[in-house]
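Observations on the model geometry
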Amino acid sequence: MAENAGSIELKDNTVIVVLGASGDLAKKKTHRNQFLPNDIKIIGYARTKMDHEEYIRRVKSYIKTPTKEMEDQLETFVGLCSYISGQYDQDESFINLRKHLEHVEGDRKEQNRVFYMALPPSVFIPVSEHLKRNCYPKKGITRLIVEKPFGKDLDSSRKLQKALEPNWSEDEVFRIDHYLGKEMVKNILILRFANEFFGATWNRNHISNVQVSFKEPFGTEGRGGYFDEFGIIRDVMQNHLLQVLTLLAMERPISFSAEDIRDEKVRVLRGIEAIEPKDVIIGQYKESPDGYKPGYKQDDTVPKDSRCPTFCALACYIKNERWDGVPFILKAGKALNEQKTEIRIQFKDVTSAIFKNRPRNELVVRVQPNESIYIKMNSKLPGLSMQTVATELDLTYRRRFSDLKIPEAYESLILDALKGDHSNFVRDDELDASWRIFTPLLHYLDDNKEIIPMEYPYGRQSHDITKMSVFKFDNL
C-alpha cells in the first residue's frame, strides 16, 4: 500500500491524470500558474479518440494568451501534457493508462499520482475501482479528486462511499466543492473569528435571519438533459449553499487544521433538522416576456412534462444555543435577472423607541462577481438636523486590493489537494449529514407528482418570485 496521503505536500515527480479530459469541466478549468510541483506531468484520459497533436490543439484553444510571455508559458505547459484514450469500464484500457504512466514517469523511485475525476457520477465507481486495481503506485502518494454530485440522495451517496472505502482511504479522497475555494467563502472564518465585534453579536440575540443566495442570468443552455436529472436543489443547494451555511454557523474551531474545521462543520449539520416542505418554494422558468429567451421545457433535451425545479427558496433551522429560532434562508435559481452569489446577515431591529422605521443593520458578503464586504448602517445626515440616513461601510476588493489577483476557486483547491490540505474539501461524515437534511424533501418532491413548480419568466428577480408564490406545500 502506498504511503498515507495525509497532509504530505506533493513537491516533485508528480503526475496528474485528468479523467474526462475531453469534457466540459476539463475545458473550463485549465489554468497557468507557477505553483505546480517540479517535473510534473499531466495526462488526459477520455473515451474520445484523438492523437497527441489534436489534444494539444484543443488545450491551446481553451487558454487565452494576450501576451508573448503567456504564449511562452503555454508552450511550456503543453510540453508537460499528453493524452490517451480508453473506456471507463475495461481493465485493458486502464492497463494501457498504467503503461503510459510508467513511460512518463521513467525511472523515478517514487510514483506520486493525482487522479482527477472530471466525470459523470454514473462512472465514478467503475473508474475508481479500475484505477485502484491497475494504476495504483507501488511506492509513492496517491490522491483521488472527486467532482460533485456525490450521489442523488442519502442512499446513493452512501453507496458511492461504500464503493470507495475498500480501495481509497479518507486521507486519499478529496471531494471537491468549488465554492469552498472561492476567496470570499474562504474569508468567512477570518471575518468571523478574527474580529471581536462580529463574534459578540453572532447569535440569535442579535441576528434576525441569515440569507445565502445564488443567481444565474442564464438557463440550462442545452444541458437540460443533465440538469433535469438533478435539479437546482441537488445541483446547488445541498452542496454549495449548505457549505457556506456551515461556515457561517459553526463554532470556533480549536485550530485551523483540516480536521478541526470539518469537525465543527459536521456539528452544525447534525443540528439541522430535515427540511420541511412547508418551508420551501420551487419554480421553473418559462419563456422571457419578449420571447427571445426560451423556457426550460423548450430545451430539446428536457422532457416536456418535467417538474424539475430551476428555482428554490427554503428555510432551515439549527437546533443549538447559538442559533435556535433563526431562519437560514437559502435561495438559488437559473434564468434570473443577474449573476450574483451573496451572503446577507440581517440584524434585529433597534429596540429604542426614538428610532422608528429605521432600516435594519446588515452585513453583506458578495461572493461573486466583484468580491466585497459591506455593512449597511444608519448615520446622521450631515447638517443642522438630526435626520438619519441609511449608508454603507464598503470594502470592495477590486478597489482596496487592486494590485492583487484573486485566484479562481479551482486553482486554489487543486493547489490545496497537491499540498494535502483537506480543509476546503468535504469529509465523508459531512457528506452524510448534508444528505440527511435534504433527502426527505427531495423524495417528497419526486414522489408527489401533483406538485408542479410555479412558472416564472426568464430574467425575473428572485425576490419577485418568492412574492408571486401562489402556494406553500402545506396548503396543497
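Keep in mind it's a predicted model, so treat the numbers as computed, not measured.

What to know about the overall build of the protein chain
When its secondary structure is counted, the protein chain shows 15 helices and 15 strands. Across the 476 residues of the protein chain, 51% fall into the buried class. Here the contacts in the protein chain between residues at least 6 apart in sequence split such that 77% fall between residues at least 24 apart. Here the protein chain has roughly 23000 Å² of accessible surface; of this, 49% comes from carbon and sulfur atoms.

Details of the packing of aromatic side chains
In this structure the tally under the stated criterion is 17 aromatic pairs. Here the aromatic rings of Phe 197 and Phe 198 are separated by 4.6 Å at their centres, their planes lie at 55°, and the arrangement is tilted. Take Phe 197: its relative accessible area is 53%, and that puts it in the exposed class. Arranged with centres 5.1 Å apart and planes meeting at 45°, the rings of Tyr 226 and Phe 230 form a pair that is tilted. Within this pair, Tyr 226 and its partner Phe 230 are both found in helix H10 (residues 224–249), separated by four residues, close to a single helical turn. Exposure remark for Phe 230: the relative accessible area of 6% places this residue in the buried category. Here a set of aromatic residues connected by ring pairs shows up, and it is made of Phe 227, Tyr 285, Tyr 296, Phe 311, Tyr 456 and Tyr 458. Over the face of the ring belonging to Tyr 136 we find Lys 132, whose NZ or CZ atom lies 4.4 Å from the ring centre.

With respect to the sheet that holds strand S13 (residues 372–380)
On the basis of which strands lie adjacent, the open sheet formed by nine strands has the order S14-S13-S12-S11-S7-S10-S9-S8-S15 and mixed pairing. In this open sheet, the two edge strands, each paired with only one partner strand, are strand S14 (388–396) and strand S15 (454–457). Taking the axes of each pair of neighbouring strands and ignoring which way they run, one obtains an average angle of 20° across the sheet. In the sheet, strand S9 (residues 311–316) pairs with strand S10 (residues 328–333) via six bridges, with the strands oriented antiparallel. Within S10, the position partnered with Ala 315 by the bridge is Ile 329. Packed on one face of the sheet, H10 meets strand S7 (207–215), S9, S10 and strand S11 (340–347) and runs near 145° to S10.

Things to note about the pattern of salt bridges
All told, the structure shown has 27 salt bridges when counted by the stated rule. Linking Glu 54 and Arg 57 is a salt bridge whose minimum nitrogen-to-oxygen distance equals 2.8 Å. Taken together, the residues span about one helical turn, with Glu 54 and Arg 57 both in helix H2 (residues 52–61) at a distance of three residues. On the basis of relative accessibility, which here comes to 23%, the residue Glu 54 falls in the partly exposed class. Glu 54 is the partner of Arg 58 in a salt bridge, and the nearest nitrogen-oxygen pair spans 3.2 Å.

A short note on the sheet that holds strand S5 (residues 142–147)
Spatially, S3-S2-S1-S4-S5-S6 is the arrangement adopted by the six strands of the open sheet, whose pairing is parallel. Either end of the sheet is taken by a strand with one partner, and the two such strands are strand S3 (81–85) and strand S6 (173–176). The average angle at which neighbouring strand axes cross in this sheet is 20°, direction not considered. As paired elements, strand S4 (residues 112–117) and S5 share five bridges and run parallel to each other. If you follow Val 114 over to S5, its bridge partner there is Arg 143. Along the sheet, helix H13 (residues 409–419) contacts strand S1 (14–19), S4, S5 and S6; its crossing angle with S5, the most-contacted strand, is approximately 150°.

Describing unusual backbone geometry
Here the bond from Gln 368 into Pro 369 is cis, since omega is -15°, no more than 30 degrees from zero. Inspection of the secondary structure puts Pro 369 in the loop between strand S12 (362–368) and S13. Even without being a glycine, Ala 335 presents a positive backbone phi close to 55°. In this structure, Ala 335 sits in the loop between S10 and S11. Phi at Asn 370 takes a positive value of approximately 55°, unusual for a residue other than glycine.

Here we look at the environment of Glu 321
Of note, Glu 321 is situated in the loop between S9 and S10. For Glu 321, a relative accessible area of 71% gives the class exposed. Counting along the chain gives 117 residues from Glu 321 to Arg 204, while the straight-line C-alpha distance between them is 8.2 Å.

Quick notes on the rules
Residues numbered from 1 in each chain as written. Predicted model: local features only at pLDDT ≥ 70, side-chain atom pairs only at ≥ 80, totals over all residues. Heavy atoms only, no water. Helix = DSSP H or I, 4+ residues; strand = E, 2+ residues; numbered from the N terminus. Buried < 20%, exposed > 50% of the residue type's maximum accessible area, 1.4 Å probe, protein only. Contact = heavy atoms within 4.5 Å. Areas by Shrake-Rupley, 256 points an atom, 1.4 Å probe, with all protein chains shown as cover. Phe/Tyr/Trp six-rings, centres within 6.5 Å; stacked < 30°, edge-to-face > 60°. Lys NZ or Arg CZ within 6 Å of the ring centre and 35° of its normal. Pairing = 2+ DSSP bridges. Axes fitted to C-alpha atoms, helices over the stretch in contact; angles between N-to-C directions. Salt bridge = Lys/Arg side-chain N within 4 Å of Asp/Glu carboxyl O.

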